[in-house]
Amino acid sequence: MERRNFLRIMAAGATVIAVNPSLIRGNLYAADGRLYTAYEKAQLVDAAGNPIKASALDSEMTYIFNYPYASTPCMIINLPEPTQQEVQLKSESGEEYVWKSGVGKNRTIVAYSAICPHQLTHPTPNDNFIQYVPKTKPTMAYDNSGIIVCSSHLSAYDAKAGAKNLRGAATQPLAAVVLDVAADDTIWAVGILGSDKFQDYFKSFKPEFKEFYGGIAQAKQLVSISAKTVKMTEYSKDIIQY
Amino acid sequence: MALSRRDAMRFTGLAAITAAASGYAKSDKTAAKSTAKGVLLSPAPIPAAKGQRVVIVGAGASGLTIAKYIKKGNPKVDVVLMDKRSVFMSGFLSNLVATGVLPLEFITHDFLEAARNGNYNFLQATVHDIDRTSKTVFTNEGTVKYDVLVLAPGIDYDYSHWTKGDVELETVLRTKFPAAFIAGSETLSLKSKIENFEGGNFVVTVPGGNYRCLPGPYERSCLIADYFKKNKINGKVLVLDENADITIKAAGFHSAFDNMYKDYITYMPSTTIDSIDPYKQKIVTEFGQEIEFADAALYPRVRGNKLLEIAGVAKDSPANKAEANIDPFTYQVIGDKNVFCTGDVRPMGFSKSANTANTEGKIVAANIVKYLGGQELSRKTWTSPLTVCFSAVSATPDLRAISVHAEYAYNDANKAFAFANAGMNEKWDGSEGIDGGKGLKEWGKGLYRDLFN
Ligand SMILES: Cc1cc2nc3c(=O)[nH]c(=O)nc-3n(C[C@H](O)[C@H](O)[C@H](O)COP(=O)(O)OP(=O)(O)OC[C@H]3O[C@@H](n4cnc5c(N)ncnc54)[C@H](O)[C@@H]3O)c2cc1C
Ligand code: FES
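Just so we're clear, the structure is a prediction, and the values are computed from it rather than from any experiment.

## Re the overall build of chain A
Item 1. For chain A, the helix and strand inventory stands at four helices and 17 strands.
Item 2. Counting all 242 residues of chain A, 58% fall into the buried class.
Item 3. A separation threshold of at least 6 residues defines the contact pool for chain A, and within that pool the share at least 24 residues apart is 62%.
Item 4. Counting every atom, chain A has about 9800 Å² of accessible surface; 49% of that belongs to carbon and sulfur.

And the structure:
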C-alpha cells in the first residue's frame, strides 16, 4: 500500500490512526487501526429475505439489524436531510477518527451500533430504549429532536454527525456501521467504525443470549451473507422513548 | 477486650490523635499489645503494590465506579477497593424489593465479580483508622499503604435531633424502626414489616437537610400504599415531612397521593418531630400533636460517615454534619491533595443518589489518573456529574414511574451548585408512567452492569 493513500490523524495521545480510503468502497472513512474493523460484507434484507433498497427506506424510521455478530443490534435510519461530512469524533479513550458522511443518493442514510456505550442498553425482542426520535416528536434528552436518544439514562447522539455525543452520560459516540450502497441500490454492511462495546456486551448478557440466541456461542457467531433488517416495532415488543 | 485501640495507636505513633477519644480499660494491656502486633498492625493479606497504589474505602456506587475507571484510565495503577460488607446490596431500587415488586437478587451483587472484571484487588475489611502522615489505612485485616486514598463510605444517620444524645433510645429506634436508607438488614426489616402489617398507621418520615435519595421516602410511601391497597390491608401511610413540601418531583408525587392513594396516604408537611416513644409507639410533634403508629420506618437526618472524622477530614456542610472537607471541584481534601472524598459524603448540594455517584466517579477516576501522572487538578478539570432518577409511584397493575434528570452548574455569586439543564417527567397516568416503570428497571440494570461487569 502506498503511503499517500493514508490519511493520518493525530489522536489526543500518541496513537496514529491510518485511514486508507481505498479499503472500502463505501462513503465512510474507515481506519485500519483499532477504530475500524472490517467484517464480512452482509446485505441488508427484509424479513422475507428480499434485498432492501436504499430508496425504499421510510424516512425517520429506525430499522434494526444484527451485525457483525448474530446478537449485536444495529440501527439504520434514513434521515430527512443530508448528513454532515468529515465529522471528527473521539472515543472515550481519546482516539480520534473521522466519520465521513451518510450514504445513499442524498447522503441521508446512516447506520450505528444500537448498543449504547454508556451502560450497554440495546434493543431486544422485548424492548427497545434506544432509537431515532423523529423531528416532530419532543424528547426529554435534548433541546431538539431528529437525534438518537437512549432513554435508559437519556444520552443524546447526533444522528447526522456520526452519532456524536450531544448530552448525557455517554462518553463516546455510538460505533458506526460502515455501509456501502451498490449501484443497484442494495445496501451492504462492511465494517464497524469507532470504539464498539461488543466485548463488554458479550460479558454482560449471557442469560439473555441463552434466551434469544440459544447461548453465548451462537450469540458470538459472525453474520455472513445477509442481515435481516426490520422496523424497530417489529424487532421489539415495546418501544420506550422519552 | 481483645484489643485496646489506644495501644494499637501507640505502635504507630498516633497516640496523640486518638488518646482523647479512648475509653478503653488499661488492665490487659500485654495481651492487647500482642494481638495488635500480630494482626492489626501487620500488612493486610494482599499483594504488594505493583505501582502507584490507590486505596478506595467503600464499595458502593461511588467506590465501585472509581476502582473500575482508574484501571481503565491507566491499568498500571494498583487499585485496592475495600468494603466491610461481603455482599453488595443496593439502596437504589431497594424500595421495590421491600414492597415485593422486585426480587432480592435484583439488588444483590458480587464484589468479587466486579474485582475480576475490573482487574483490581477487593479486600473485605472494615477500616477503623487512617494515618494521613504515613499514608496508612488500618483495617481489621491489617494495614494498607496508599499513594492516593479515596474515601467513599457513604452516609451515617444523625439521630441527635430526636435522641439528644440518648444512645439507648437511638439503639431502640435503629432496631425497632430502621430507616432503611442504608441497604442490608434494614431493607429486609422493612420488607417483613410491610408483609406482616395488619393495619393502622405506618409512619414514614422525611428528614430535613440534604438527605440520601430525595424522592426515596415519597416513592416508598406510594409503594407501601400500593401494597396495602392491593392486599386489602386497612392501613394508612402517614408521611411526616420535616420539609414544607415534597422536596422533588412534587407535582408527580402529589398527584399520585391524591389520585391513587387518597384513602391510604396522609401527607403532613412541615412536621418536625419533638420526641418519639418507641415502646408506646407514639410521636409527638413540635406543635404537640400526638401520632400513634402501628409500625414505622423512621428516617433521621443524615451526616457524613464517621470515617471522615476518624481521618480528620470532616466539616459540617450547610446541610449536614461532618461531611467531607474538600475542594468541590477536585474532590481533594483541603490541605491533603492525596485524599479524595466522593459519593454521598461530598458536601456539595448534589442529589445524594447512585447515578450522581456513578457519573461523578468516572470524572474523579479520570482526574486521579491525571493527578498520579503529575498533573494538578483545578476547577478547569471539573465537569458536572449527572443525576437521572426514576421513582416508582405504583406497582399495581403496572409499574409506573416519574423521573428527573439534571446537571449541575456552579454559581459564583452564592458559591453553590444548582441544577442546570434539568428536565422532569411527572406524568404517571398515561403511557409515560408505564414507560417510566420500564425505564426505572433498565436504568438500574445499566448501573449494575457499569459497576460489576
Ligand atoms: C431506599 C433507597 C432508595 C434509593 N433510590 C435511589 C434511586 O432511585 N436512584 C439513585 O440514583 N439513588 C438512589 N438511592 C441512593 C443511592 O443508593 C446512594 O446515593 C448511593 O449508594 C451512594 O453511593 P456511595 O458509594 O456514596 O455510598 P454507599 O453506596 O452507601 O457505599 C458506601 C460503602 O462504604 C462501606 N463502608 C462504610 N464505612 C466503611 C468502613 N469503615 N470500612 C469499610 N467499608 C465501609 C459501606 O459498607 C458501603 O458499602 C437510594 C437509596 C436508598 C437507601
Ligand atoms: S445505557 Fe444508554 S444512556 Fe445509559
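## Some details on the pattern of salt bridges
Item 1. This model, assessed by the stated rule, comprises 28 salt bridges over all chains.
Item 2. Its salt-bridge partner being Asp58 of chain A, residue Lys231 of chain A comes within 3.1 Å of it at the nearest N-O pair. With Lys231 of chain A in strand β16 (residues 225-231) and Asp58 of chain A in the loop between β3 (36-45) and β4 (62-66), this residue pair connects regions lying 173 residues apart in the sequence.
Item 3. Accessibility expressed as a relative area gives 34% for Asp58 of chain A, which makes it partly exposed.
Item 4. A salt bridge links Glu195 of chain B to Lys191 of chain B; the shortest N-O distance between them is 2.8 Å. Of this pair, Glu195 of chain B and Lys191 of chain B both sit in helix α10 (residues 185-195), four residues apart, roughly one helical turn.
Item 5. Note on Lys191 of chain B: relative accessible area 23%, which makes it partly exposed.

## Describing the nonpolar core
Residue and element names in this part refer to chain B.
Item 1. Leu64, Leu93, Leu151 and Ile368 are the most contacted members of the largest nonpolar core, which totals 93 residues.
Item 2. Ranked by residues supplied to this core, first place goes to helix α14 (residues 354-372) with eight residues.
Item 3. When near neighbours in sequence (up to four residues on either side) are disregarded, Leu93 contacts Leu102, Phe106, Ile107, Leu440, Trp443, Gly444 and Tyr448.
Item 4. Listed in part, the 57 residues of the second largest apolar core include Tyr211, Tyr227, Val237 and Val404.

## Examining the packing of α14 of chain B against helix α15 (residues 431-452) of chain B
Residue and element names in this part refer to chain B.
Item 1. As a packed pair, α14 and α15 sit with axes 11 Å apart at the nearest point and diverge in direction by 35°. Crossing geometry of α14 relative to α15 is assigned as left-handed. Across the interface between the two elements, Ala354, Asn355, Asn358 and Lys362 of α14 pack against Trp443, Leu447, Asp450 and Leu451 of α15.
Item 2. Here the residues of the contact of α14 with α15 sort into four nonpolar, two polar and two charged.

## A few points about the packing of helix α4 (residues 61-73) of chain B against α14 of chain B
Residue and element names in this part refer to chain B.
Item 1. Between α4 and α14, whose axes approach to 8 Å, the crossing angle comes to 35°. Handedness of the crossing formed by α4 with α14: right-handed. Of α14, the residues touching α4 (which contributes Ala61, Ser62, Thr65, Ile66, Tyr69, Ile70 and Gly73) are Ala354, Ala357, Asn358, Glu360, Gly361, Lys362, Val364, Ala365, Ile368 and Val369.
Item 2. Its residues placed into classes, the contact of α4 with α14 shows 10 nonpolar, five polar and two charged.

## Quick notes on the pairing of strand β6 (residues 87-90) of chain A
Residue and element names in this part refer to chain A.
Item 1. A one-sided burial pattern is seen for β6, the buried positions being Val87 and Leu89 and the unburied ones Gln88 and Lys90.
Item 2. Two strands pair when backbone bridges link them, and β6 and strand β7 (residues 96-99) are joined in this way by four bridges, in the antiparallel orientation. Counterpart to Lys90 in the pairing with β7 is Glu96.
Item 3. Here β6 folds back onto β7, and the loop between the two strands holds five residues, one of which, Gly94, carries a positive phi near 95°.

## Thoughts on the site of ligand 1
All names here are of chain B.
Item 1. Taken together, 34 residues lie around ligand 1, and Ser62, Asp83, Arg212, Asp344 and Ala354 are the ones closest in.
Item 2. For ligand 1, an oxygen atom lies 3.2 Å from a polar atom in the backbone of Ala61.
Item 3. One of the backbone nitrogen or oxygen atoms of Asp344 is found 2.8 Å away from an oxygen atom of ligand 1.
Item 4. Protein contacts shield 95% of the accessible area of ligand 1, which totals 1000 Å² for the unbound molecule.
Item 5. Put simply, the parts of the chain that give the shell around ligand 1 at least two residues each are α4, α5 (94-98) and α14.
Item 6. Taken together, the residues that form the shell around ligand 1 break down as 15 nonpolar, 12 polar and seven charged.
Item 7. The residue makeup of the shell around ligand 1 includes at least three contributed by each of domain 2 (49-156 + 303-381) and domain 3 (158-299).

## Some details on unusual backbone geometry
Item 1. The step from Tyr67 of chain A to Pro68 of chain A runs through a cis peptide bond, and the omega angle for that step is -5°.
Item 2. Summarising the element assignment, Pro68 of chain A is placed in the loop between β4 and β5 (73-78).
Item 3. Of note, the bond from Thr396 of chain B into Pro397 of chain B is cis; its omega dihedral lies within 30 degrees of zero at -5°.
Item 4. With respect to the secondary-structure elements, Pro397 of chain B resides in the loop between β23 (387-394) and β24 (400-411).
Item 5. Positive phi, normally seen in glycine, also occurs at Glu60 of chain A, with a value near 65°.
Item 6. Looking at the element boundaries, Glu60 of chain A is found in the loop between β3 and β4.

Procedures and definitions
- Residues numbered from 1 in each chain as written.
- Chains lettered and ligands numbered in written order.
- Predicted model: local features only at pLDDT ≥ 70, side-chain atom pairs only at ≥ 80, totals over all residues.
- Heavy atoms only, no water.
- Helix = DSSP H or I, 4+ residues; strand = E, 2+ residues; numbered from the N terminus.
- Buried < 20%, exposed > 50% of the residue type's maximum accessible area, 1.4 Å probe, protein only.
- Contact = heavy atoms within 4.5 Å.
- Areas by Shrake-Rupley, 256 points an atom, 1.4 Å probe, with all protein chains shown as cover.
- Salt bridge = Lys/Arg side-chain N within 4 Å of Asp/Glu carboxyl O.
- Core = buried A, V, L, I, M, F, W, Y, C linked by side-chain atoms within 4.5 Å.
- Axes fitted to C-alpha atoms, helices over the stretch in contact; angles between N-to-C directions.
- Left-handed = near helix turned anticlockwise from the far one by under 90°.
- Nonpolar A, V, L, I, M, F, W, Y, C, P; charged D, E, K, R; others polar.
- Pairing = 2+ DSSP bridges.
- Near = heavy atom within 4 Å.
- Polar contact = N/O pair within 3.5 Å; in protein donor to acceptor, adjacent residues only side chain to side chain.
- Domains from an automatic or database assignment.

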